[in-house]
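# A look at the structure
Each chain, letter by letter, is given below.
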Amino acid sequence: MTRATHRSAEEIGRTEVGPRPLPPLGEPRVGVPPAGVDTALPNGLRVIAVRHGQVPMVEMRLRIPFAGEAEEHPAQAEVLAETLLTGTARRDRVKMDTDLAAVGGDLHAVVDPERLSIAGDALASGLDTLLDVLADALTGATYADDEVNAERARLVERIGVARSQPRVIAREELQRHRYGDHPYTREVPQAEDVAEVTPEQVRALHSAAVLPRGSVLVLVGDIDPHVVIGEVERALAGWKSEDSAREMPALPLVTGGDVRLVHRPGAVQSQLRFSAQALARTDERYPALQIANLVFGGYFSSRLVENIREDKGYTYGAHSSFEFTKGNGTLLVDADTASEVTAAALLETRYELARMALVPPSESEVESARQYAIGGLLTSTASQSGLASTLSALAAAGLDQNWLTAHAERLRDVTVEQVAEAAKLFAPSEFTGIVVGDADKLADELRLLGGVELP
């Protein structure tokens, strides 16, 4: 009998003459665009249907521009999103859920200052039911008094909890610091405003703002795109209006300046949030900036993470990322730190921003970030859900599947020199932001750093 011997990973990785050399990384596969159709229906709704047939499912994303400048709009919009799918003239809440469950389906709605989003999925064979329930909600949602009252009460409670969370406080303060009183800043409504919302107001908002013209419906799955377009047109024939959905007003550009300290009495942690103007996805320099952002703080092997997390232990996580609105893009940098190292973390973050602008990324840094960006792009769109969400986000920027398919090649073509030029956008003078923490603990050290507006 032959006895199998166990070898550890270290033993497997070595030979008599030393460690086994690792094989080189292979070139990422070139994405092959799936078959799709991108068209506008007579009611003004843009429909994107794409075949992605690995599993017999279909993913749906409906994006309705849903901006409003009235003070009461955020509260009413939140209640609408919570109650849109609670009943229609044809189906009560239980019937809607039962019909969707019969085809393995689900629908849910969320809202933000830009859009009302309705997302769902179902078995591909049940797409007709998914579309029928969706159409029923879009054209016949009743917003029954008891449903609105119950969901409103739950929403008030959730908002009260959310508004006590440090990350929510920091986000709201950053938005106000960047954009003043622009409607985009009103992401979380006041609980007292939500408590005042009536069913009649929600019905009126639905009638005025849940509109097809200017909206985008994305369907990705085991479908025939050409056939599906006809099914969507028939299902949503009753959803129509001569008016267009409400786009958010253009955001003002983010300008660099002092960081503002926001006093949060008794806080043992601080939230650091910084922002600078970036580029829209449509800008030809965006691929280079995307790679530069990864090098700075966009993934775990970045300079910022290496400095304030791995080397100095000031934070568990530091990140830099993009935030896109129509025709616009901004850079965001965030980290949470203990109060006693807040000033040090701010100093090191400024140092890394300056180093990014003055010491361009090396060829190895660029290549590592490039491979990560291309791999992330391919994996994020490999699933039906990921592809549907990505196409929906791109459609909001006026982009289509062709842009997505070509983006991996754009990333491959970016040069080290182009990344170095894009990295100049990380100059500390381009950034502004906020620090949320206990001013009694932080003010003296932050005053010494300078560039901080104290309360």
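As a starting point, this report considers the structure included with it. (Residues numbered from 1 in each chain as written. Predicted model: local features only at pLDDT ≥ 70, side-chain atom pairs only at ≥ 80, totals over all residues. Heavy atoms only, no water.)

## Here's the deal with the pattern of salt bridges
Applying the stated criterion to the full structure yields 39 salt bridges. Asp99 serves as the salt-bridge partner of Lys95, at 3.2 Å between the closest nitrogen and oxygen. Taken together, the positions of Lys95 and Asp99, both in helix 3 (residues 93-102) and four residues apart, correspond to about one turn of that helix. For the salt bridge of Arg355 with Glu352, the shortest nitrogen-to-oxygen distance reads 3.1 Å. Of this pair, Arg355 and Glu352 both sit in helix 12 (residues 342-358), separated by three residues, roughly a single helical turn. Relative accessible area serves as the criterion here: at 3%, Glu352 is assigned to the buried category. By sharing partners, the salt bridges in this structure join Arg90, Arg91, Lys95, Asp99, Asp132 and Asp136 into a single network. (Salt bridge = Lys/Arg side-chain N within 4 Å of Asp/Glu carboxyl O. Helix = DSSP H or I, 4+ residues; strand = E, 2+ residues; numbered from the N terminus. Buried < 20%, exposed > 50% of the residue type's maximum accessible area, 1.4 Å probe, protein only.)

## Brief notes about the pairing of strand 10 (residues 269-277)
In terms of residue burial, strand 10 counts as a mostly covered element, since eight of its nine residues are buried. Taken together, the nine bridges between strand 10 and strand 12 (residues 328-338) define a ladder with antiparallel strand orientation. Paired with Phe274 across the strands is Val333, a residue of strand 12. As judged from the five bridges shared by strand 10 and strand 13 (residues 432-437), these two strands associate in the antiparallel manner. Looking at the pairing, Gln271 lines up with Val436 of strand 13. (Pairing = 2+ DSSP bridges.)

## Some remarks on the nonpolar core
Of all hydrophobic cores here, the largest spans 60 residues; its most connected members are Leu391, Phe426 and Phe431. For this core, the domains that each give at least three residues are domain 1 (36-236) and domain 2 (259-453). The contact partners of Phe426, leaving out residues within four places of it in the chain, are Leu289, Ala292, Asn293, Phe296, Leu331, Leu353, Ala354, Met356, Ala357 and Phe431. The next biggest cluster of nonpolar side chains, apart from the first, holds 55 residues, and it includes Leu84, Leu85, Ile229 and Val232. (Core = buried A, V, L, I, M, F, W, Y, C linked by side-chain atoms within 4.5 Å. Domains from an automatic or database assignment. Contact = heavy atoms within 4.5 Å.)

## Topic: unusual backbone geometry
Trans is the common state for peptide bonds, and a negative phi is the common state for residues other than glycine. For Tyr143, which is not glycine, the phi torsion reads 50 degrees and is therefore positive. Looking at the element boundaries, Tyr143 is found in the loop between helix 4 (127-140) and helix 5 (145-162).

## A word on the sheet that holds strand 10
Taking strand neighbours across the sheet as the criterion, the six strands line up as 11-12-10-13-9-14 in an open arrangement whose pairing is mixed. Each edge of the sheet is formed by a strand with only one pairing partner; in this case those strands are strand 11 (318-325) and strand 14 (452-453). As paired strands, strand 11 and strand 12 are joined by eight bridges and run antiparallel to one another. By the bridge assignment, Glu323 is partnered in strand 12 with Thr330. Here helix 6 (residues 166-179) sits on the sheet in contact with strand 9 (259-263), strand 10, strand 11, strand 12 and strand 13, set at roughly 150 degrees to strand 13. (Axes fitted to C-alpha atoms, helices over the stretch in contact; angles between N-to-C directions.)

## Concerning the sheet that holds strand 8 (residues 216-221)
With mixed pairing, the six strands of this open sheet are ordered in space as 3-4-8-5-7-6. Looking at the sheet topology across the chains shown, the edges are occupied by strand 3 (36-40) and strand 6 (106-111). Strand after strand, the sheet turns through a mean of 10 degrees between neighbouring axes, direction not considered. Where strand 3 lies against strand 4 (residues 46-51), five bridges are found, and the strand directions are antiparallel. The residue of strand 4 that forms the bridge with Asp38 is Ile48. In the packing of helix 14 (residues 384-396) onto the sheet, the strands contacted are strand 4, strand 5 (57-65) and strand 8, and the crossing angle to strand 5 comes to about 20 degrees.

Bear in mind that shape data such as this cannot, by itself, settle questions of function.
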